[in-house]
Amino acid sequence: MIISMLGAPGCGKGTQAKKLSQRYNIPHISTGDIFRKAIKEGTPMGKVAQQYMSTLVPDEIVIELVKERLSQPDCANGVILDGFPRTVNQADVYLKSGKLDKVIYFNIDEQVVVDRILNRRTCANCGEIYSILTHNSDTCDKCGGELVVRAEDAKIQDRIDSYKKETYPLVEYFKQNGLLFELDINNVKATEPEDQINEIYDKITSELDKLI
Ligand SMILES: [Zn+2]
């Protein structure tokens with residue numbers, strides 16, 4: 001089964017991808033991983049992609065890279081794609097010759113994500129993550145290191161804005177061609193984080209089990 005995941009940064013799709021990867025015995029691959037691996041191994045598409053390293057890689061080349069990666073033995077049972085397709089054009093061109101069984105869309109209120117990430121502090125020493133809502137100190141409980149705002153967290157509003165611009169048309173596109181499976185993350189019933197993860201996981205697996 002070839003699955004793609006769509007969702008804002010911080011929506012929890014990484015956690016789900018890890019669990020799904022184990023359940024179905026398929027790798028979880030981001031577009032960045034595909035690029036790095038192809039270039040490192042010097043595959044035919046890797047060599048082409050290398051020429052674009054610091055510029056935007058054209059959609060046709062992204063698609064060929066993904067297809068090349070999907071043809072490798074560890075993807076025999078399928079794959080969970082993260083970050084592909086990124087645009088409607090990529091999806092459209094890819095689907096003319098490539099396969100996609102389901103797109104799982106993590107629909108979450110962006111403001112919730114922005115607030116959560118802006119309240120986040122990371123230990124500069126050991127990487128432990130805290131929320132300023134529950135942690136009343138500038139230092140890490142584990143190692144005493146200084147707690148800082150990570151640069152990419154500080155840019156969350158920009159990341160969310162560009163995500164929305166790219167993703168909303170893609171959600172509509174997949175809705176229309178029947179590939180979208182939408183999860184309403186805002187209305188999860190469970191209250192404990194662990195239970196929330198399991199509730200979402202159960203919803204995804206009951207949908208994906210139908211594909212087997
Ligand atoms: Zn620490």
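Everything that follows concerns the structure shown earlier in this document.
Q: When you look at the sheet that holds strand S7 (residues 147-148) in this model, what are you seeing that I'm missing?
A: Either a parallel or an antiparallel arrangement is found when strands of a sheet pair, and the pairing is made through backbone hydrogen bonds. In space, the 3 strands of this open sheet follow the order S6-S5-S7, with antiparallel pairing throughout. In this open sheet, the two edge strands, each paired with only one partner strand, are strand S6 (129-131) and S7.

Q: What should I look at first to understand helix H1 (residues 13-24) in this one?
A: For an α-helix, the turn length of 3.6 residues means that residues three or four places apart are oriented alike. If you check H1, its first and last C-alpha atoms are 16 Å apart, about what 12 residues at 1.5 Å a residue would give, namely 16 Å. Among all positions of H1, only Lys13, Gln16, Ala17 and Leu20 are buried. One face of H1 carries all of its buried residues, which in axial projection span an arc of 100°. Projecting away from the buried face of H1 at angles above 90 degrees are the exposed residues Lys18 and Gln22. Among the structural elements, strand S1 (2-7), strand S2 (28-30), strand S3 (79-82), strand S4 (102-107) and helix H9 (193-208) are those in contact with the buried residues of H1. Note on H1: the residue one or two positions beyond its end, Asn25, has a positive phi of about 55°.

Q: For this particular structure, what's the right way to read the sheet that holds S3?
A: Read across the sheet, 5 strands follow the order S2-S3-S1-S4-S8 without closing on themselves; strand pairing throughout is parallel. Both outer strands of the open sheet, S2 and strand S8 (180-184), are each paired with one neighbouring strand and no more. For this sheet, the mean angle separating the axes of adjacent strands, direction not counted, is 25°. The pairing of S1 with S4 spans 5 bridges and is parallel. By the bridge assignment for S4, Leu6 is matched with Tyr105. The strands touched by H1 within the sheet are S1, S2, S3 and S4, with S3 carrying the most contacts at an inclination of about 165°. H9 rests against S1, S4 and S8 of the sheet, and its axis sits at about 160° to S8.

Q: Can you walk me through the pairing of S4 in this structure?
A: Remark: a regular strand shows side chains that alternate across the two faces of the sheet. Pairing analysis gives 5 bridges linking S4 to S8, with the strands arranged parallel. Residue pairing in the sheet places Phe106 in a bridge with Leu183 of S8.

Q: What's the story with the packing of helix H6 (residues 110-118) against helix H8 (residues 156-176) in this structure? I'm lost.
A: Pairs of packed helices are described in terms of their axes, by the angle between the two and the distance that separates them. One way to put it is that H6 packs onto H8 with a least axis distance of 10 Å and a crossing angle of 155°. One finds that H6 runs roughly antiparallel with respect to H8. Of the two elements, H6 crosses H8, and the hand of that crossing is right-handed. Here Glu110, Val113, Val114, Ile117 and Leu118 of H6 lie close against H8, whose contacting residues are Ile156, Gln157, Ile160 and Lys164. Partitioned by chemical class, the residues of the contact of H6 with H8 number 6 nonpolar, 1 polar and 2 charged.

Q: Sorry if this is basic, but what is going on with the nonpolar core here?
A: One recurring pattern in soluble globular proteins is that nonpolar side chains are buried together. Counting 37 residues, the largest nonpolar core has Leu65, Ile80 and Ile104 as the members making the most contacts within it. The element contributing the most residues to this core is helix H4 (residues 59-70), with 4 residues. Apart from residues no more than four positions distant in its own chain, Ile80 is found in contact with Ile3, Met5, Ala17, Leu20, Ser21, Ile26 and His28.

Q: It is not clear to me how helix H2 (residues 31-41) should be interpreted in this structure. Could you clarify?
A: Within H2, the full set of buried residues consists of Ile34, Phe35 and Ala38. For H2, the angular spread of the buried residues around the axis is 100°, confining them to a single face. The exposed set on the far side of H2, more than 90 degrees from its buried face, consists of Gly32, Lys40 and Glu41. Following H2 by one or two positions, Gly42 has its phi on the positive side, about 65°.

So, how was this worked out
- Residues numbered from 1 in each chain as written.
- Predicted model: local features only at pLDDT ≥ 70, side-chain atom pairs only at ≥ 80, totals over all residues.
- Pairing = 2+ DSSP bridges.
- Helix = DSSP H or I, 4+ residues; strand = E, 2+ residues; numbered from the N terminus.
- Expected span 1.5 Å × (residues − 1).
- Buried ≥ 20, exposed ≤ 12 C-beta atoms within 10 Å, placed from the backbone.
- Arc of directions from axis to C-beta.
- Contact = placed C-beta atoms within 7 Å.
- Axes fitted to C-alpha atoms, helices over the stretch in contact; angles between N-to-C directions.
- Parallel < 35°, antiparallel > 145°, perpendicular 65-115°, else oblique.
- Left-handed = near helix turned anticlockwise from the far one by under 90°.
- Nonpolar A, V, L, I, M, F, W, Y, C, P; charged D, E, K, R; others polar.
- Core = buried A, V, L, I, M, F, W, Y, C linked by C-beta atoms within 7 Å.

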